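# Coordinate analysis (summary)
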Amino acid sequence: LAYWHYTIGTQGTLHAPAIVMRCTRWQASVSVSALVVVAAVFLHAQLADDRVPTGGDPYSILGLANGASQQHVTKAYRSLAKRWHPDRMHGDKDVFALVAHAYDVLTDPEKRDVFDRLGARGLERLRDGDPSVRKDWLSDAEILRRVHNDGEEGWLDRLVTSGFASLSAGAAACSRRLAPSLRWLTGREW
């Protein structure tokens, strides 16, 4: 319970009003508790800005969920870049470089796609020039499988394929049987 209290000086002058609090112990403890909660919230907000981003995941470095929009990525990057810029007081160039790299990965569509599909290892492979990390890349085996697996084989195709397969198998068997004789006749390894 508060009321205005005016003080009168020694020469009768009226001094500025002051608020005088009269309360019970319970009201005082509630007031102190509320003050502590307000101070904790304020300090937590101050300390939240000082947390150092760590980890190799660009989303966690910027404090974003996977699949965040480009606007959210830019907003998170700007706030962290402003906080950790080396030219600012308490800035850190290593943390700033980490934040900048995360921003670079999430703003480049190709790097972001590679990271979303293959993770940090995929980014390393992309940096090293590995073509297999690209989305439209096909291995030689896959190309051959697609070329030679184009539906049901016709009777003529089966005849040619099986004929060549039989001829090849016969030549291999003959080569195995004749190799010792050829080696003896020519003196060379066959």
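So, here's what we can say about the structure. (Residues numbered from 1 in each chain as written. Predicted model: local features only at pLDDT ≥ 70, side-chain atom pairs only at ≥ 80, totals over all residues. Heavy atoms only, no water.)

## Quick look at unusual backbone geometry
Test applied: Helix numbering and strand numbering both begin at the N terminus, where a helix is a DSSP run of H or I of at least 4 residues and a strand a DSSP run of E of at least 2.
One non-glycine residue, His90, lies in positive phi territory at about 65 degrees. Of note, His90 is situated in the loop between α3 (70-84) and α4 (93-107).

## Digging into the nonpolar core
Convention followed: Nonpolar core, defined: a set of buried Ala, Val, Leu, Ile, Met, Phe, Trp, Tyr and Cys residues in which side-chain atoms within 4.5 Å join the residues together. The rule is simple: take the accessible area with a 1.4 Å probe, protein chains only, and divide by the maximum for that residue type; under 20% is buried, over 50% is exposed, in between is partly exposed. Whether two residues touch is decided by their heavy atoms; if any such pair falls within 4.5 Å, the residues are in contact.
Core analysis: the biggest nonpolar cluster contains 22 residues, and Leu62, Leu64, Val73, Tyr77 and Val99 have the highest contact counts within it. Listed by contribution, the elements that provide at least two residues to this core are α2 (58-62), α3, α4 and α5 (109-127). In contact with Val99, not counting residues within four places along its chain, are Pro53, Ile61, Leu62, Tyr77, Leu80 and Ala81.

## Describing the pattern of salt bridges
As a reminder, the rule being used: In what follows, salt bridge is the name for a side-chain nitrogen of Lys or Arg lying within 4 Å of a carboxyl oxygen of Asp or Glu.
Tallied over the entire structure, the rule returns six salt bridges. Here Asp130 and Arg125 are joined by a salt bridge, their closest N and O atoms 3.0 Å apart. A relative accessible area of 25% places Arg125 in the partly exposed class.

## Re the packing of aromatic side chains
Applicable threshold: To pair, rings of Phe, Tyr and Trp, with the six-membered ring standing in for Trp, must have centres within 6.5 Å; the planes then decide the type, stacked if under 30 degrees apart, edge-to-face if over 60, and tilted in the middle. In this scheme, Lys NZ or Arg CZ marks a charge over a ring once it lies within 6 Å of the ring centre and within 35 degrees of the ring normal.
For the structure shown, the criterion picks out two aromatic pairs. Ring geometry for Tyr59 versus Phe115: centroids 6.1 Å apart, planes at 45 degrees, classification tilted. Of the two residues, Tyr59 is situated in helix α2 and Phe115 in helix α5; the sequence distance between them amounts to 56 residues. Between Tyr77 and Tyr103, the aromatic rings sit 4.0 Å apart at their centres with planes inclined by 15 degrees, giving stacked as the arrangement. Of this pair, Tyr77 sits in helix α3 while Tyr103 sits in helix α4, and the two are 26 residues apart along the sequence. For Tyr103, a relative accessible area of 23% gives the class partly exposed. The ring of Trp84 carries Arg83 above its face, with NZ or CZ at 4.2 Å from the centroid.

## Quick word on the environment of Arg121
Mapping Arg121 onto the fold places it in helix α5. Sequence separation between Arg121 and Val133 is 12 residues, and the spatial gap between their C-alpha atoms is 9.9 Å.

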